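# Reading the structure
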Amino acid sequence: MASADLPTPRTPEGRDGLAALLARPERAVVALDFDGTLAPIVPDPDQARAHPGAAPALARLAPHLASVAVVTGRPAGVAVRYGGFAGVPGLEHLVVLGHYGAERWDALSGEVHTPGAHPGVTAVRAELPGYLDRIGAWSGTWIEDKGGRAVAVHTRRTEDPDAAFAALRGPLHELAETHGLMVEPGRYVLELRPPGMDKGVALAAYLREVDAGCVLYGGDDLGDLAAFAAVDDLRKNGMPGLLVASAGSADSPPEVAEQADLAVPGPDGVVALLEALADALD
């Protein structure tokens, strides 16, 4: 497939980013969110699995690039298992930045490096069930333990996910502040985690580490906007970049597509884009 078969970004910055990736792929980093981008959104996050074409498409593309990275709020090891990324030929240099960069898995070593549990998260995890009962959280609200670096509260299973989400925002912000944490909103989820790390910080640090010459970042949710902002800052300082929104579902936050250079229809569209890039570079 020729580069003419690739979708055309709607912005000049996005077109420049795509052109730079195709012209010098050996300097390019492709970085992608996991849930909603490489994996379809499902009611139970423990049942999420990468699109069956995701790992094969990344394996075709990765040898052309400086690096491929997955940047996720999940624990790194969980994203590796749910993505089926370990031991895939072609992905020997894949990096997974988990917990918004607090954890890291490298395919070369197969090891996860983590700073350990945060005391505020440990305290909130113990307090949260009783706290939700006291504030009258909607039936169907449930807690996801994301390891020692975050805990999340979901409203997708409630009778009215939007109303349940809105009712929780204030109380959970108060609880988070009590324990020195911040709240990261997402698609029917509020995640309590330590401040100072987000996908933008993690992505920018990784791009410096590998001396990237350009970057493609793809995401689908509000937590990805920090990475979008980091790429935008880099573009203002001369590094070409392409922002891709995995959009199309009814509950996709409109802000992500609005700020992207290119929108594709969910994980199916992301995989198709990766395959088209691999075709163009083969």
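Below, the structure is looked at part by part. Note that the structure is predicted; figures quoted are calculated from it, not measured. (Residues numbered from 1 in each chain as written. Predicted model: local features only at pLDDT ≥ 70, side-chain atom pairs only at ≥ 80, totals over all residues. Heavy atoms only, no water.)

## Here we look at the pairing of strand 1 (residues 28-32)
Counting buried residues along strand 1, 5 of its 5 residues qualify, which places the element largely inside the surrounding structure. Burial along strand 1 is two-sided: Ala28, Val30 and Leu32 facing one way and Val29 and Ala31 facing the other are all buried. Pairing between strand 1 and strand 10 (residues 214-219): 5 bridges, direction parallel. Bridge pairing in strand 10 places Ala28 opposite Cys214. Of the pairings in the sheet, the one linking strand 1 to strand 2 (residues 67-71) comprises 4 bridges and is parallel in character. Bridge assignment links Val29 to a residue of strand 2, and that residue is Ser67. For the crossover from strand 1 across helix 2 (residues 54-61) to strand 2, the handedness is right-handed. (Buried < 20%, exposed > 50% of the residue type's maximum accessible area, 1.4 Å probe, protein only. Helix = DSSP H or I, 4+ residues; strand = E, 2+ residues; numbered from the N terminus. Pairing = 2+ DSSP bridges. Right-handed = clockwise from strand over helix to strand, strands pointing away.)

## Examining the packing of aromatic side chains
Applying the stated rule across the entire model yields 2 aromatic pairs. Between Phe34 and Phe85, the ring centres sit 6.3 Å apart and the planes meet at 85°, which makes this aromatic pair edge-to-face. Here Phe34 is found in the loop between strand 1 and helix 2, whereas its partner Phe85 is found in the loop between helix 3 (76-83) and strand 3 (95-98), with 51 residues between them in sequence. Accessibility classification places Phe34 together with Phe85 in one group, the buried group. Here Tyr217 and Phe228 contribute two aromatic rings whose centre-to-centre distance is 6.1 Å and whose plane-to-plane angle is 85°, an arrangement assigned as edge-to-face. A residue pair is termed long-range when its members are at least 10 positions apart, and Tyr217 in strand 10 and Phe228 in helix 7 (residues 225-236) qualify at 11 residues. One cation-aromatic arrangement involves Arg49 over Tyr82; the distance from NZ or CZ to the ring centre is 4.0 Å. Lying over the aromatic face of Tyr100, Arg193 brings its terminal NZ or CZ to 3.8 Å of the ring centre. (Phe/Tyr/Trp six-rings, centres within 6.5 Å; stacked < 30°, edge-to-face > 60°. Lys NZ or Arg CZ within 6 Å of the ring centre and 35° of its normal.)

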